[in-house]
Amino acid sequence: MTTLVIGVDGGGTGTRCVVATRTGHVAGRGSGAGANVLSAADPAGSLHSALEGALSGQDRDRVAGGVFALAGAGSAPERAEALAAEVWRACGLPGRPVVAPDILAAFAGATEEPSGRVLIAGTGAVAARISGRTVVARADGYGWILGDEGSGVWIGRRAVQAVLGALDGRGTPTALLDGPPECAIRDALVEAPGEPGARLTPEAVVRVVQAGVDEGGPAWLGRFAPAVEAAARLGDEPSLAILREAARRLVATAGSLGEEAGPTVLAGSLLTEPTLLADLVRSGLGGPAVPARDGAAGAAALALHRAAPEASEAPDVLAAHRRLIA
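Residues numbered from 1 in each chain as written. Predicted model: local features only at pLDDT ≥ 70, side-chain atom pairs only at ≥ 80, totals over all residues. Heavy atoms only, no water.

## Brief notes about the overall build of the chain
And step 1. Summing up its helical and strand segments, the chain has 14 helices and 10 strands in all.
And step 2. For the chain, whose C-alpha radius of gyration is 22 Å, the value lies close to the compact-globule estimate of 20 Å for 326 residues.
And step 3. Counting only C-alpha atoms and orienting by the principal axes, one finds that the chain spans roughly 70 × 40 × 30 Å.
And step 4. Split into buried and exposed, the 326 residues of the chain put 52% on the buried side.
And step 5. The contacts in the chain between residues at least 6 apart in sequence include a share of 63% that link residues at least 24 apart.
And step 6. Of the roughly 14,300 Å² of accessible surface on the chain, 51% is carried by carbon and sulfur atoms.
And step 7. Where the 28 positive side-chain charges of the chain centre and where its 35 negative ones centre are 3 Å apart. (Helix = DSSP H or I, 4+ residues; strand = E, 2+ residues; numbered from the N terminus. Rg over C-alpha atoms; globule rule 2.2 N^0.38 Å. Buried < 20%, exposed > 50% of the residue type's maximum accessible area, 1.4 Å probe, protein only. Contact = heavy atoms within 4.5 Å. Areas by Shrake-Rupley, 256 points an atom, 1.4 Å probe, with all protein chains shown as cover. Lys, Arg positive; Asp, Glu negative; His and termini not counted. Charge placed at Lys NZ, Arg CZ, Asp CG, Glu CD.)

## Quick look at the nonpolar core
And step 1. By size, the foremost hydrophobic cluster in this structure holds 51 residues, and its most contacted members are I155, L176, L277 and V281.
And step 2. Setting aside residues up to four positions removed in sequence, L277 forms contacts with G150, I155, E229, L243, A246, A247, L250, L270 and L271. (Core = buried A, V, L, I, M, F, W, Y, C linked by side-chain atoms within 4.5 Å.)

## Side note on the pairing of strand β1 (residues 4-10)
And step 1. Extensive coverage of β1 is indicated by the burial of seven of its seven residues.
And step 2. Burial along β1 is two-sided: the residues L4, I6, V8 and G10 and V5, G7 and D9 are all buried.
And step 3. Where β1 and strand β2 (residues 15-21) come together, seven bridges link them in antiparallel fashion. Bridged to V5 within β2 is A20.
And step 4. What sits between the antiparallel neighbours β1 and β2 is a turn of four residues.
And step 5. Pairing geometry for β1 and strand β4 (residues 63-70), over seven bridges, is parallel. (Pairing = 2+ DSSP bridges.)

## Re the packing of aromatic side chains
And step 1. For the structure on display, the rule yields two aromatic pairs.
And step 2. Aromatic pair F68 and W88: ring centres 6.0 Å apart, planes at 65 degrees, arrangement edge-to-face. Placement of F68 in strand β4 and of W88 in helix α2 (residues 77-90) is noted, with a sequence separation of 20 residues between them. Of the two residues examined, F68 and W88, each falls in the buried class.
And step 3. Ring geometry for W220 versus F224: centroids 5.4 Å apart, planes at 85 degrees, classification edge-to-face.
And step 4. A residue is classified by how much of its surface remains accessible, and W220, at 15% relative accessible area, is buried.
And step 5. On the basis of relative accessible area, F224 is assigned to the buried category, the value being 2%. (Phe/Tyr/Trp six-rings, centres within 6.5 Å; stacked < 30°, edge-to-face > 60°.)

## Re a nonpolar patch on the surface
And step 1. Together, Y142, I145 and L146 line one region of the surface with nonpolar side chains, adding up to about 420 Å² of accessible area.
And step 2. With respect to the helices, strands and loops of the structure, Y142 is situated in the loop between β8 (134-140) and α4 (143-146). (Patch = residues over 30% accessible without salt bridge, like charges linked within 9 Å, V, L, I, M, F, W, Y side chains within 5 Å. Salt bridge = Lys/Arg side-chain N within 4 Å of Asp/Glu carboxyl O.)

## Overview of helix α9 (residues 225-233)
And step 1. Most of α9 is tucked away: seven of the nine residues are buried.
And step 2. Regarding α9, the residues found buried are A225, A227, V228, E229, A230, A231 and A232.
And step 3. Along its buried surface, α9 packs onto α5 (152-168), α6 (175-178), α10 (237-255) and α12 (276-285).

## Some remarks on the confidence of the model for the chain
And step 1. The predicted model of the chain averages 90 in pLDDT, with 96% of residues at 70 or higher.
And step 2. Per-residue pLDDT, averaged within each element of the chain, yields its smallest value for helix α7 (residues 186-189) (84) and its largest for α10 (97). (pLDDT = per-residue confidence, 0-100.)

## What about the side chain of S151?
And step 1. On the secondary structure map, S151 appears in the loop between α4 and α5.
And step 2. The class for S151 is buried, based on a relative accessible area of 1%.
And step 3. At 3.3 Å, the side chain of S151 forms a polar contact with the backbone oxygen of T123.
And step 4. Separated by 2.7 Å, the side chain of S151 and the backbone oxygen of D148 make a polar contact. (Polar contact = N/O pair within 3.5 Å; in protein donor to acceptor, adjacent residues only side chain to side chain.)

## Focus: the pairing of β4
And step 1. The element β4 is extensively covered by neighbouring structure, given that seven of its eight residues are classed as buried.
And step 2. As judged from the three bridges shared by β4 and strand β5 (residues 98-100), these two strands associate in the parallel manner. By the bridge assignment for β5, A69 is matched with A100.
And step 3. For the segment spanning β4, α2 and β5, crossover handedness is right-handed. (Right-handed = clockwise from strand over helix to strand, strands pointing away.)

## Some points on α5
And step 1. Over its 17 residues, α5 runs 25 Å from end to end, which matches the ideal 24 Å to within 8%, given 1.5 Å per residue.
And step 2. Turning to α5, its buried residues number three or more, namely G152, V153, W154, I155, G156, A159, V160, A162, V163, L164 and G165. (Expected span 1.5 Å × (residues − 1).)

## Observations regarding the sheet that holds strand β7 (residues 125-131)
And step 1. Spatial strand order, β8-β7-β6-β9-β10: five strands in an open sheet with mixed pairing. Since the sheet does not close on itself, it has two edges, and those belong to β8 and β10 (289-291), each with one partner. Across this sheet, the average inter-strand angle for adjacent strands is 25 degrees, counted without regard to direction.
And step 2. With three bridges connecting them, strand β9 (residues 264-267) and β10 associate as parallel partners. Bridge pairing in β10 places T264 opposite A289.
And step 3. Strands β6 (116-121), β7 and β8 of the sheet are contacted by α10, whose axis makes an angle of about 150 degrees with β6.
And step 4. With respect to the sheet, α12 is in contact with β6, β9 and β10, its orientation differing from that of β9 by roughly 165 degrees. (Axes fitted to C-alpha atoms, helices over the stretch in contact; angles between N-to-C directions.)

Here's what the structure looks like:
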């Protein structure tokens with residue numbers, strides 16, 4: 001009878017689940033809505049949907065274990081563990097799953113190496129040093145008010161500041177204000193978008209941004225990061241300056257963790273897509289970097305190692321890990 005393991009990657013906007021064999025072959029996949037334990041509307045429902053989808057047609061008695069990588073678990077570990085256990089039981093699975101940091105699953109989803117570093121830049125930004133498949137140090141990830149330097153929200157905030165500077169004379173002209181549609185954020189900042197003759201003033205910008213953050217949270221600011229990328233590609237100096245500074249801060253965040261044998265994994269949309277920021281960060285890191293791929297497969301790979309603790313680094317387990325994340 002083939003043993004199965006389960007990996008779950010529960011993020012802020014979506015949840016993915018992978019069921020895998022001990023040899024690293026994927027036996028099932030499922031998905032659901034966001035499962036951030038702090039902010040998702042129904043994290044239990046999202047997790048249950050992803051698990052049930054991945055387990056369709058599988059013999060659940062064959063499941064030897066699972067790892068749940070859940071966003072927000074670091075701030076609410078007891079809630080995350082209770083949530084994972086509740087959903088696990090509801091799906092009729094034996095035993096109890098393990099909750100792991102989502103940053104660890106991102107690392108394991110890119111490499112079978114047990115140690116290294118991971119740098120994430122998406123809506124937020126955080127880095128971690130991994131040793132023996134355990135997070136031993138973290139840097140940043142403190143939220144948009146106190147940290148997340150170089151993140152999408154950080155870049156979006158700097159974009160609005162550049163527009164304000166261009167409007168009140170403190171800054172220089174920028175394509176973010178008057179450039180082509182793909183890089184100008186003007187229409188998103190006027191109080192009556194699309195209204196003929198709508199006038200953009202610093203006061204109006206402040207009101208619109210405050211309303212946007214109040215309604216959509218700080219992630220609302222991250223919507224401007226693609227415009228900064230587009231403007232920078234056109235040679236807009238204020239936008240280029242924003243991306244250079246974002247890259248400098250991200251590289252500094254990773255560097256603050258010290259050296260660790262093994263690869264540096266880059267995760268998050270700003271670093272895994274073909275962006276200027278990703279190029280700047282890779283150049284600043286100076287060493288080889290591996291792009292993150294599948295956090296759910298990474299969580300399943302962690303479950304593989306946990307299912308064979310005495311042989312975690314055995315060639316067959318490492319080969320199964322490589323096969324799973326390929």
